[in-house]
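Residues per chain, in single letters:
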Amino acid sequence: MPFFFGMSASSCYHCGLPIPDDVDLSVKIGGETRAMCCYGCQAVAQSIVENGLEDYYRSRDALPESPREAMPAVLEQLALFDHAEFQKSFVKELGESEREASLLLEGITCAACIWLNEQHVGKLPGVTAVDINYATRRARVRWDDSRIKLSDILAAIAAIGYRAYPYDAAKNEEISRKERRDALWRLWVAGFGMMQVMMYAYPVYIADGDMTADVEGLMRWASLLLTLPVIFYSSAPFFRNAWRDLKLRRVGMDVPVALGVGAAFLASCWATFTQGGEVYFDSVTMFIFFLLGGRYLEMNARQKAISVTEALAKLLPAFAQRLPGFPAERAAEQCVVADLRAGDYVLVQAGAIVPADGRVVEGVSSTNESLLTGESRPVPKSPGELVTGGSINAESPLVVQIDQVGEGTRLSAIIQLMERAAAEKPKIVELADRIASYFVAALLLVSIAVAIGWYLVDPAKALWITVSVLVVTCPCSLSLATPIALTVAGGALAKDGLLVTRGHAIETLARATHFVFDKTGTLTTGRMHLVDTLPTAGLSGDECLALAAALEHASEHPLANALRQAFSGDLPQVGEVRNEPGQGIESLVGGRRYRIGRPDYALGLSAGNLPETAAHWLESGDTVVALGDETGCLALFRIGDELRAESLALVNYLRAAGKKIVLLTGDAESVARRIAESLGIEDVRAGVTPQGKHECVTALQAAGAVVAMVGDGVNDAPVLAQAQVSVAMGGGAQLARTQSDFVLLSENLDHLRFGLQRAQRTLSIIRQNLWWSFAYNFVALPLAIAGYVTPWLAGIGMSASSLLVVLNSLRIQRQETD
């Protein structure tokens, strides 16, 4: 093999550039192992060898451009991606050397592009996982940083004709605008060319053989010239993608399109040159116009589908008003949000966005958290209240002390969970992709058979019928049927406050047969409230409650809060308070000494006993607080967990839908029974340990149940993981730690009910999409084979098939909930 001047043993065999010291890559060429300088050269060389083109290396008389030189500006930027500071915004450290990045891919046109990138990147040494979402074009790549660098991964993607960027909402919008602008220009050129070609084709059609050969030849040449821009500009992506697929021994969805268009165009050129045979310039331009038009509409619909998801990434502002001298000084300075640190004070003006999670220290207002929780009503905020980064201050200025920034914020956790869901592929999507890949290969075989058959029967029709067969069948709609519906549903659910965090979640929730609920913090609020008051010494219930609230006025204990919230009147004056930790409070009110707290402590002033009527209260499982003075027991207060207002509506809906409902709790039997009776739940399992909950769900699954578990997300982690689909209440600070499939950000069970309805609607629409995709192809293919479908009509059919799937999926956003 030739050896070029300047090459050495330490030079890349493919491009001749020096091999970096830390690179050890090679390709076996002609039986000998040859060193490569980068993954780009390795990918190109391997492709040459696998395609049987090794003679290239024997006959070449010059070195090719290296991917490192062909894109110097790009690769120079790629090297920056290896810097730890640069990676902070989009790379997560999962272990000592394991990293995970969220990337945005440019150049994706169909499901085959997804497969190609996943296969190509997944085979790189050191890459442990790669998942790409077709609807969002986002990739999740995981790798061992000790074996491969991120820049090498990005270079390998560039080597097969795609571009990868760190995911950024602004960059995503820029790429989307570029895609729309480019697609619109190609569509305009195709449409203009189509109209002009039809102006020359129409006279030939209506002449019906009466046109002279010279004039008809002139018409053909004019049509050829007008078709050239359509072929070489408008349809260039089809040919470029098809060539890339063939080089990599893949049959993508653009291969049949490129073959059909190319064959019809070349045959028309030959007929024009020889002045004999049929020309199809009008059909070619019309087909390209309709196909591009369909893809343009599909692209707009897809971008609309993910708009809710992408909107979350744009919530945080770029700048904030920091108060460096607060509270002594109130002068504000503008700073970048990324520079904020925990403990900083910021001024949030009315109408401004809260820049990070924090706590109000001054001001009274309300915030709009609709995009974060699905709650459309403003949430009141006063000093001491928590505010979430990304929410909008609706009324008046607030001074906020920052608690969490960057990856620690609630919004960041929400985005991370959404990215996790987008990167995971449900089995139904993987199955559809496999079917689509086989479908294209089968289509090419059918097209060859059709071409041979029609050539033997009627050679004049063989070409355009073969083109129609290549074009009319549409695996694109099959590949789009599921992912686009799941993407739309995920965005709609997030808008309602139900966050999807796993790819399979929506489908499984729709199929769930058993709904298992934890009690505390799920069907109940987890907050104490006064259930009942039992006066025992002649005072009224309100008088006893006033005394209790006065004694507890300074306490922050949850039981004290429940008593104070239950009383709305004026409190009597209280003297010096003595607090006995774990027992209760003693103080003077109106000259009399009172105690409130544990029954034995409260009755300690009088050495009295509880009334007999209190026995069933003590057995109820609720907390019983006693109020006593020197004469004995004055009242008992029964305090329990507060039932969520929307729990009953959810349980009634599930029962009406034929679902089995189980209350599974570690609380006492009496407490669980009281909650179950108020909701109409018959299957109650109380006093269950975490291990017992796990075993209970396992037993239900063994009996054939599809279990949906609803719990608090952290304490119920084992049983949530065991259930086929799980929902965690999302009000806690540990949102990022949850392993559940859904997170109910709003903690409103109505949104779970709406989410279940939407999930069932989504599954129905996925089935409609799949049935349509199969039915269309099964009907269109025989008609095309029989010669009833012209190429331009095939283009309309193929485009309309994909567009219909997208538009049908968008109906999920408009679903009405009961």
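Once a new chain begins, its residue numbering starts again from 1 and follows that chain's sequence as written. Only residues with pLDDT of at least 70 get local features here, since the model is predicted, and only at 80 or more are side-chain atom pairs given and counted; chain-wide, interface and lining totals rely on the full set of residues. Side-chain calculation: all heavy atoms of the structure are included, whereas hydrogens and water are not.

Draft legend 1. Local environment of unusual backbone geometry. Of note, the bond from F326 into P327 is cis; its omega dihedral lies within 30 degrees of zero at 5°. Within the secondary structure, P327 is located in the loop between β8 (319-322) and β9 (333-336). A run of DSSP states H or I qualifies as a helix once it reaches four residues; a run of E qualifies as a strand once it reaches two. Both are numbered from the N-terminal end.

Draft legend 2. Spotlight on the sheet that holds strand β15 (residues 392-393). The rule for pairing is simple: two strands pair if DSSP sees at least two bridges between them. An order of β13-β12-β15 is seen for the three strands of this open sheet, with the pairing classed as antiparallel. Both edges of this open sheet fall to β13 (379-381) and β15, since each of them pairs with a single strand only. In terms of strand pairing, strand β12 (residues 365-368) meets β15 through two bridges, oriented antiparallel. Bridge pairing in β15 places N368 opposite I392.

Draft legend 3. Representation of the sheet that holds strand β19 (residues 524-535) within the structure. Ordered in space as β19-β24-β23-β22-β21-β20, the six strands form an open sheet in which the pairing is antiparallel. The open sheet has two edge strands with one neighbour each: β19 and β20 (578-580). Going from strand to strand, the sheet's axes swing by 20° on average, the running direction of each strand aside. With three bridges connecting them, β20 and strand β21 (residues 584-589) associate as antiparallel partners. Here the axes come from fitting lines to C-alpha atoms, over the contacting stretch only for helices, and the angles between their N-to-C directions go from 0 to 180 degrees.

Draft legend 4. Geometry of the side chain of T466. Along the chain, the position of T466 falls in helix α17 (residues 459-472). What makes two residues a contact is simply this: any of their non-hydrogen atoms within 4.5 Å. Apart from the residues within four sequence positions on either side, T466 is in contact with S447, V450 and A451.

Draft legend 5. The arrangement of the environment of C633 in detail. Checked against the element boundaries, C633 lands in strand β24 (residues 632-643). Remark: the alpha-carbon pair of C633 and I596, spanning 37 residues in sequence, is separated by 9.9 Å. When sequence neighbours within four positions are dropped, the list of residues in contact with C633 reads T536, A537, L603, L610, P611, L627 and G628.

Draft legend 6. Up close: the packing of aromatic side chains. Centre distance within 6.5 Å is the pairing criterion for rings of Phe, Tyr and Trp, where only the six-membered ring of Trp is used; planes under 30 degrees apart are then read as stacked, over 60 as edge-to-face, and the remainder as tilted. Taken as a whole and judged by the stated rule, the model has seven aromatic pairs. The interplanar angle of 75° and the centroid separation of 6.0 Å between the aromatic rings of W185 and W188 together place this pair among those described as edge-to-face. Taken together, the residues W185 and W188, both in helix α8 (residues 169-207) and three residues apart, mark about one turn of the helix. A centroid spacing of 6.4 Å and a plane angle of 20° characterise the contact between F774 and F778, whose relative ring orientation is stacked. With a gap of four residues between them, F774 and F778 both fall in helix α30 (residues 749-785), about one helical turn apart. A connected cluster of aromatic rings, assembled from ring pairs, spans W185, W188 and F192. To sit over a ring, a charge needs its Lys NZ or Arg CZ within 6 Å of the ring centre and within 35 degrees of the ring normal. A cation sits over an aromatic face here: R186 above Y233, 4.7 Å from the ring centre.

Draft legend 7. Quick look at helix α23 (residues 558-566). Three exposure classes are used, based on accessible area relative to the maximum for each residue type with a 1.4 Å probe and protein chains only: buried under 20%, partly exposed in between, and exposed over 50%. Inspection of α23 places L559, A560, A562 and L563 among the buried residues, and these make up the whole buried set. All buried residues of α23 project into a common sector of 160° when viewed along the axis, lining one side. Buried residues along α23 sit in contact with β19, α22 (541-551), β22 (592-597), β23 (623-629) and β24. Here, the arc refers to the directions that run from the helix axis to the C-beta atoms.

Draft legend 8. Spotlight on the pattern of salt bridges. The term salt bridge refers to a pairing of a side-chain nitrogen on Lys or Arg with a carboxyl oxygen on Asp or Glu at a separation within 4 Å. Counted according to the given criterion, the structure contains 19 salt bridges. Across the salt bridge formed by R34 and E32, the nearest N and O atoms sit 3.2 Å from each other. The closest approach of N and O atoms between D750 and R753, which form a salt bridge, is 2.9 Å. Of the two residues, D750 and R753 both sit in helix α30, three residues apart, roughly one turn of that helix. Here the residues in one salt-bridge network are R578, E580, E586, R593 and R595, joined through shared partners.

Draft legend 9. Local environment of the packing of helix α10 (residues 236-247) against helix α11 (residues 254-274). Contact pair α10 / α11: the axes reach a minimum separation of 8 Å and the direction vectors enclose 120°. Classified by the angle between their axes, α10 and α11 sit oblique to one another. Considering the relative orientation of α10 and α11, their crossing is left-handed. Contacts between α10 and α11 involve P237, F238, F239, N241, A242, D245 and L246 on the former and, on the latter, D254, V255, V257, A258, V261 and G262. Under this grouping Gly is polar, as are all residues other than the nonpolar Ala, Val, Leu, Ile, Met, Phe, Trp, Tyr, Cys and Pro and the charged Asp, Glu, Lys and Arg. Grouping the amino acids of the contact of α10 with α11 by side-chain chemistry returns nine nonpolar, two polar and two charged. Orientation categories follow fixed angle ranges, with anything under 35 degrees roughly parallel, anything over 145 roughly antiparallel, 65 to 115 roughly perpendicular, and all other angles oblique. Throughout, a crossing is termed right-handed when the near helix is turned clockwise from the far one, and left-handed when it is turned anticlockwise from it by less than a right angle.

Draft legend 10. Highlighting the side chain of T508. Tracing the sequence through the fold places T508 in helix α20 (residues 505-511). T508 sits in the buried class, given a relative accessible area of 6%. When residues no more than four places from it in sequence are discounted, the contact partners of T508 are V706, Q724 and V725.

Draft legend 11. Representation of a nonpolar patch on the surface in the model. Nonpolar side chains (Val, Leu, Ile, Met, Phe, Trp, Tyr) are joined into patches within 5 Å and like charges within 9 Å, using only residues with over 30% relative accessible area and no salt bridge. Surface accessibility follows the Shrake-Rupley procedure with a 1.4 Å probe radius. Residue values consider only the protein chains on display as shielding. A cluster of nonpolar residues, L445, I448, I452, Y455, L456 and V457, forms a patch on the protein surface that exposes about 710 Å² of accessible area. Among the secondary structure elements, L456 is positioned in helix α16 (residues 427-457). Judged by its relative accessible area of 69%, L456 falls in the exposed class.

Draft legend 12. Representation of the state of the cysteines within the structure. In this description, the term disulfide denotes a pair of cysteine sulfurs within 2.5 Å. Counting across every chain of the model gives zero disulfides. Its sulfur unpaired, C544 is 8.7 Å from the next cysteine sulfur, which belongs to C633. Looking at C544, the relative accessible area reads 0%, which means it is buried.

Draft legend 13. Region of the structure containing the environment of Y202. Relative to the assigned elements, Y202 resides in helix α8. The class of Y202 is exposed, set by a relative accessible area of 51%. C-alpha separation for the pair Y202 and M219, spaced 17 residues apart in sequence, amounts to 9.8 Å.

Draft legend 14. Here's a closer look at helix α7 (residues 150-159). The buried count for α7 comes to eight of 10 residues, which makes it a mostly enclosed element. L150, S151, I153, L154, A155, A156, I157 and A158 are the residues of α7 that are buried. Positive phi appears at G161, one or two residues downstream of α7, with a value of about 100°.

Draft legend 15. Geometry of the pairing of strand β4 (residues 98-106). Within β4, eight of the nine residues are buried, which leaves the element mostly enclosed by the surrounding structure. Pairing of strand β3 (residues 91-93) with β4 involves three bridges; the strand directions are antiparallel. Each bridged residue has a counterpart across the sheet, and for K92 the counterpart in β4 is E100. By the bridge criterion, seven bridges tie β4 to strand β6 (residues 138-144) in an arrangement that is antiparallel.

Draft legend 16. Looking closely at the confidence of the model for the chain. On average, residues of the chain score 79 in pLDDT, and 81% of them are at 70 or above. One confidence number per residue, pLDDT, is output by the predictor and ranges from 0 to 100. Here residues 1-8 is modelled with pLDDT under 50, and outside its nearest four sequence neighbours on either side it reaches 19 contacts, counting other chains as well. Within the model, the stretch residues 64-73 combines pLDDT values under 50 with 20 contacts to residues more than four positions away or in other chains.

Draft legend 17. Structural detail: the packing of α11 against α17. At a minimum axis separation of 8 Å, α11 and α17 run at an interaxial angle of 160°. In terms of orientation, α11 and α17 fall into the roughly antiparallel class. α17 is crossed by α11, and the crossing has left-handed handedness. Touching P256, L259, G260, A263, A264 and A267 of α11 are L463, V467 and L470, all from α17. Looking at the contact of α11 with α17 residue by residue, the class counts come to eight nonpolar, one polar and no charged.

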